[in-house]
Amino acid sequence: MLKRTHNCGQLRIEDSGLKVILAGWVNSYRDHGNLVFIDLRDREGLTQIVFNPDTNPEMHKLARTIRCEWVIAIEGIAQPRSEGMENPKLSTGKIEVSVDKLEILNISKTPPFEVDNADKTGEELRLAYRYIDLRRPVMQHKLRTRHKVTKITRDYFDNLGFWEIETPMLGKSTPEGARDFLVPSRLVPNTFYALPQSPQLFKQILMVSDVEKYFQIVRCFRDEDPRADRQAEFTQIDVEMSFVDTDDIISVHENLAAKIWKEILGVDVKLPMRRMTYNESMSDYGIDRPDLRFDMKLKDITDIAKETSFKVFTSTIENGGIVKGLCAPGGDKYSRSDIEKVLTKFVADYGAKGLAWAKVKSEDGNLTLQGGSAKFFSQEQAKQLLERFDAKADDLLLFVADNEAIVNKSLAPLRCKLGRELKLYDDDSFEFVWVVDFPLFEWNEDEKRFDSLHHPFTAPVDDDLEKLETDPGHIRSKAYDIVVNGSEIGGGSIRIHNMKTQQKVFDLLNITREQAEDRFGFFLKALEYGAPPHGGIAFGLDRLVMLLTGTENIRDVIAFPKTQRGQCLLTEAPSGVDLKQLNELNLRVQTHSHKIDEIASEEQ
RNA sequence: GGGGCCGUAGCUCAAUUUGGUUAGAGCAUCGGACUGUCGAUCCGAAGGUUGAGGGUUCGAGCCCCUUCGGCCUCGCCA
């Protein structure tokens, strides 16, 4: 076998005259009857190779049998292309290799789609033939970027004295949080492991063990329905540190993020990053992960709305609801039908019962409200609205009246949609923010109890500790999320390290001593043996790479991803298993049970 | 569990106002021509259970029902 001396993206004009060996896939094939040109591809690039019947008739003859995606190796002389024959699209475009020796390493069936045109090919087919899809330069760039991010991360943490420690994949199921993936135990019949939703408790236990600085690039599993940016199986950069407070964690990790952005994209991220409280974020953006690339803040107009003659507003407010809105700059371009059909339907998906609107028009130099709900506002009320939103001519005001949760839940995505459609920001920009001071609990109306917003091990802010007894709903937590362009890329908290506080939190969560003992007994026990103050964070590696490569599809940044039904189209997992395997696991699937029931009833 | 979009040749897409003769095109494939191309070009050929099943109709790619699959989304994701 010819052993290569260079890769296909390497040769330059300076290499002219060099005897080289290249190997790769046939990207394209141009047969001129006499001259045969092949663009040879490997992961580094393309190099044109040329077969000339005058110099080597035998190799030329062989070359004419070659087809796209065959694997070949060639030996030849790198030579400059003659004037006018250069290809400026290729980094190797000023040279070509004149082939003396050709070795066909492997032939290929005609691929089901063309590697060159695969961006137009349906994803379903690309996933079934992922090995071909991944040959494409854009996909290779994503794989490479992902590798670089993990490499930067490992080097970064290593330099700071962190240890990468693996935690078990086969763990204990806990009913909180997402649905677990279960793995049956063969040796202990009728019991199950759960795949980790995150290594949360193990990394905290490692702090009790004086690992002090832990990180892990770790696979996590949550058996919930996938989304464009969410997959049941995903990867976290998981971190935990001892003897630290919020500022320490934030500092370490904003530096990591800045380093990644600098090394991958050459982007300078301004440090320290901006911080915003949860309350500010919810109030101004309606969501705990604000997209700060554009302004267009939400404004509460309940005070103005309750004075209007608009029944929808006044009755909502009487029933304890609120009215919030936003002012879309240049939103005049939305027609009445756009607003009342498209935008109204958009917010309806989030539970909003309607979308009130009015356009801002300039009349004789004065701004007025027109259309939609404008008639319900007095002149004075209109003036107040225009001032509150700092509205300009040809802006569009949009309002939702409902309970606070629905108002925010519907306006936040509406704001993002409008920002995108009105091109209020530069697609290449990145706006980082730390969201802090999350509430420790949120009230669960159905269950009549508090739920953890983050998780039950999150520490309360010291000043709010006494509220554990008096006002649990208003306790702030030492939790923090790092958000980029409206996408949460990481989140974590300082943990509770003392049993008394932990116990109080469990009480408020309605977790009994017995339940706590059953679910996390091992962990609570560990806390009693000298747990240091500690905290940590986890970054979503998949989302990081999505942002860095500019894709909104998580499957693009995973080598072998799954579909929305959790299937792998390449391997056809999940699949049925042999009865023998089930028997060894002491398992019986429902179809079997039904069969057995049927037989039993027939026998009767 | 709910809502929406989609499925026609290997790939990407067409197919006239609820329907009307033999379902077309580009790329790829196969054969031929060609001395410099680089999305090669030119000539020719082959390629189809319109995702599957059922129904309505004189007649279905198109209308209806069921079903399979993909994507987006609400719920869900401590």
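Residues numbered from 1 in each chain as written. Chains lettered and ligands numbered in written order. Predicted model: local features only at pLDDT ≥ 70, side-chain atom pairs only at ≥ 80, totals over all residues. Heavy atoms only, no water.

**Q** Can you lay out the overall build of chain A for me, pointing to particular residues and giving the numbers?
**A** Each helix and strand counted, chain A has 18 helices and 22 strands in total. Referenced to the eigenvectors of the C-alpha coordinate spread, the extents of chain A come out at roughly 90 × 80 × 65 Å. The burial tally for chain A puts 48% of its 604 residues in the buried class. In chain A, the share of contacts with a sequence separation of at least 24, taken over all contacts with a separation of at least 6, comes to 67%. Accessible surface, chain A as shown: approximately 31600 Å² in total, 48% of it carbon and sulfur. Considering chain A, the positive charge centre built from 81 side chains and the negative charge centre built from 98 side chains are found 3 Å apart. (Helix = DSSP H or I, 4+ residues; strand = E, 2+ residues; numbered from the N terminus. Buried < 20%, exposed > 50% of the residue type's maximum accessible area, 1.4 Å probe, protein only. Contact = heavy atoms within 4.5 Å. Areas by Shrake-Rupley, 256 points an atom, 1.4 Å probe, with all protein chains shown as cover. Lys, Arg positive; Asp, Glu negative; His and termini not counted. Charge placed at Lys NZ, Arg CZ, Asp CG, Glu CD.)

**Q** Quick one: what's the story with the packing of aromatic side chains, residue by residue and with numbers?
**A** Throughout the structure, instances matching the rule amount to 23 aromatic pairs. Aromatic pair phenylalanine 313 and phenylalanine 377: ring centres 6.3 Å apart, planes at 50°, arrangement tilted. Highlighted residues: phenylalanine 313 in helix α9 (residues 311-318) and phenylalanine 377 in the loop between β15 (366-370) and α11 (379-389), separated in sequence by 64 residues. For the residue pair phenylalanine 313 and phenylalanine 377, the accessibility class agrees, reading buried in each case. Ring pairs connect the aromatic residues Phe310, Phe313, Phe376, Phe377, Phe389 and Phe399, which therefore count as one cluster. Across from the ring centre of tyrosine 29, 5.9 Å away, lies the NZ or CZ of arginine 67, which sits over that ring. (Phe/Tyr/Trp six-rings, centres within 6.5 Å; stacked < 30°, edge-to-face > 60°. Lys NZ or Arg CZ within 6 Å of the ring centre and 35° of its normal.)

**Q** Explain the sheet that holds strand β9 (residues 213-221) residue by residue, including any values.
**A** A sheet is described by the order of its strands in space; here 8 strands give the open sequence β6-β9-β10-β22-β21-β20-β17-β11, paired in mixed fashion. In the strand order of this sheet, the two ends are held by β6 (163-164) and β11 (274-277), each with one partner. When strand β10 (residues 233-242) meets strand β22 (residues 534-540), the two strands line up antiparallel, connected through 7 bridges. Bridged to valine 239 within β22 is isoleucine 537. (Pairing = 2+ DSSP bridges.)

**Q** Provide a residue-level description of the side chain of threonine 145, including the pertinent values.
**A** Among the secondary structure elements, threonine 145 is positioned in helix α4 (residues 137-159). By relative accessible area, threonine 145 is classed as buried at 4%. In contact with threonine 145, other than residues within four places in its own chain, are Ile264, Val545, Leu548 and Thr549.

**Q** Which residues make up a nonpolar patch on the surface, and what values do they have?
**A** On the surface, a cluster of nonpolar side chains totalling about 270 Å² of accessible area is made up of Leu125, Tyr129 and Tyr131. Mapping tyrosine 129 onto the fold places it in the loop between α2 (123-128) and α3 (130-133). For tyrosine 129, a relative accessible area of 31% translates into the label partly exposed. (Patch = residues over 30% accessible without salt bridge, like charges linked within 9 Å, V, L, I, M, F, W, Y side chains within 5 Å. Salt bridge = Lys/Arg side-chain N within 4 Å of Asp/Glu carboxyl O.)

**Q** Any chance you could break down the pattern of salt bridges for me, citing the residues and the numbers?
**A** A full pass over the atoms with the stated rule returns 41 salt bridges. In this structure, lysine 562 engages glutamate 233 in a salt bridge whose closest nitrogen and oxygen atoms are separated by 2.9 Å. Linking lysine 562 in the loop between α16 (541-549) and α17 (579-584) with glutamate 233 in strand β10, this pair joins segments that are 329 residues apart in sequence. Using a relative accessible area of 24% as the deciding quantity, one classes glutamate 233 as partly exposed. One salt bridge connects glutamate 240 with arginine 495, and the closest N-O pair in it is separated by 2.7 Å. Within this pair, whereas glutamate 240 is found in strand β10, its partner arginine 495 is found in the loop between β21 (487-494) and α14 (499-508), the two being separated by 255 residues in sequence. Across the pair, exposure class does not vary: glutamate 240 and arginine 495 are buried alike. The network of salt bridges with common partners includes Arg126, Arg130, Asp133 and Arg136.

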